[in-house]
Amino acid sequence: MEATISSNQNSQIKQIQNLLKSSKRRQEEGLFVAEGKRLCFDLLENNSEYVKKMYFSSSKADELVPLMPNAALYEVVKDDIFEKVSETDNSQGVLALVKMPEYSVANLFDDQNAKDLKKSTVLLLDGLTDPGNAGTIMRTALATGVKFVAFTGNSVDVYNPKVVRATMGAIFRLPFVYFKDTKEAIDALKEAGYKIASTHLSGDKMFNEIKYPIKCAVVIGNEAHGISDVSKEAADYLVKIPMEPGTESLNAAVAASLMMYKLYLG
């Protein structure tokens, strides 16, 4: 199959490069880039309405194009040009230009179906900045029945290519919203009836000793500095995770996973 895009000056290639580099550009266009066979084909299979266009490297096109589950628009890109828009070391030769899902804060706080839910856990990422942690946390949140994830404005961009890859598709199955800052997020959660649970080294109880309420918001802080003072002061449950002496702290994604599974299992 002959490549249809053979220049890095092509407008579509420039658009992809800009979306990969700039959070501002992603927000302006309402688009982001997803890469990898599993993620892109999962999108086509289950969320095709979000896929604007697919791109295949010329050496992979003959193999991958026939596998598309529907008639999505696509382009074939010469291998050396595709490498310029690939964010992975060993590219699988496929990426997608994807429309951003839109979620309403008001709808996410709607509890009309709460009686059907075993839990109504919310996750608040308070200044979390590592893309790998954010993606892993969202993937675990989906697995543990979290209702939605709230980000503060100083947290990582969920459409960062590394976050998108790390979510393994959870970005399309788990609602998420951004709040301007931590106070705005905490105020909204409290007004909606959520209790706040934060992990902190000064917590007076172990995280697994608490019987958490159905409507509970778990706060996960910055990788280097932990939760903000606002989250600490607002916490209804300030708990700690047991560790061996001499251990400084847990990875944010690990701490989040322990808390989410505690609430999921009861």
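Refer to the structure above for everything that follows.
Residues numbered from 1 in each chain as written. Predicted model: local features only at pLDDT ≥ 70, side-chain atom pairs only at ≥ 80, totals over all residues. Heavy atoms only, no water.

(A) View of the pattern of salt bridges. Going through the model one piece at a time under the given rule, you end up with six salt bridges. Salt-bridge contacts for Asp187 lead to Lys183; the nearest nitrogen and oxygen are separated by 2.7 Å. Of the two residues, Asp187 and Lys183 both sit in helix α9 (residues 182–191), four residues apart, roughly one turn of that helix. Taking the relative accessible area as the measure of exposure, Asp187 reaches 38% and is therefore partly exposed. Judged by relative accessible area, Lys183 falls into the exposed class, the value being 52%. With a shortest N-O distance of 3.4 Å, Lys190 and Asp236 are connected by a salt bridge. Residue Lys190 is located in helix α9, and its partner Asp236 is located in the loop between α10 (229–234) and β11 (237–240); the two are separated by 46 residues in the primary sequence. Exposure remark for Lys190: the relative accessible area of 36% places this residue in the partly exposed category. (Salt bridge = Lys/Arg side-chain N within 4 Å of Asp/Glu carboxyl O. Helix = DSSP H or I, 4+ residues; strand = E, 2+ residues; numbered from the N terminus. Buried < 20%, exposed > 50% of the residue type's maximum accessible area, 1.4 Å probe, protein only.)

(B) Fine view of unusual backbone geometry. Non-glycine residue Met168 carries a positive phi angle of around 50°. In this fold, Met168 is placed in the loop between α8 (161–167) and β7 (176–179).

(C) How the structure looks around the sheet that holds strand β3 (residues 74–77). Reading across from one edge, β1-β4-β2-β3 is the order of the four strands in this open sheet, with mixed pairing throughout. Every interior strand has two partners, whereas the edge strands, β1 (31–35) and β3, have only one. For this sheet, the mean angle separating the axes of adjacent strands, direction not counted, is 20°. Taken together, the four bridges between strand β2 (residues 51–57) and β3 define a ladder with parallel strand orientation. Within the sheet, the bridge partner assigned to Tyr55 lies in β3 and is Glu75. Those strands touched by helix α1 (residues 11–21) are β1, β2, β3 and β4 (94–99), and its axis lies near 90° from that of β1. The sheet contacts of helix α3 (residues 37–46) involve β1, β2 and β4, and relative to β4 the element is tilted by about 45°. (Pairing = 2+ DSSP bridges. Axes fitted to C-alpha atoms, helices over the stretch in contact; angles between N-to-C directions. Contact = heavy atoms within 4.5 Å.)

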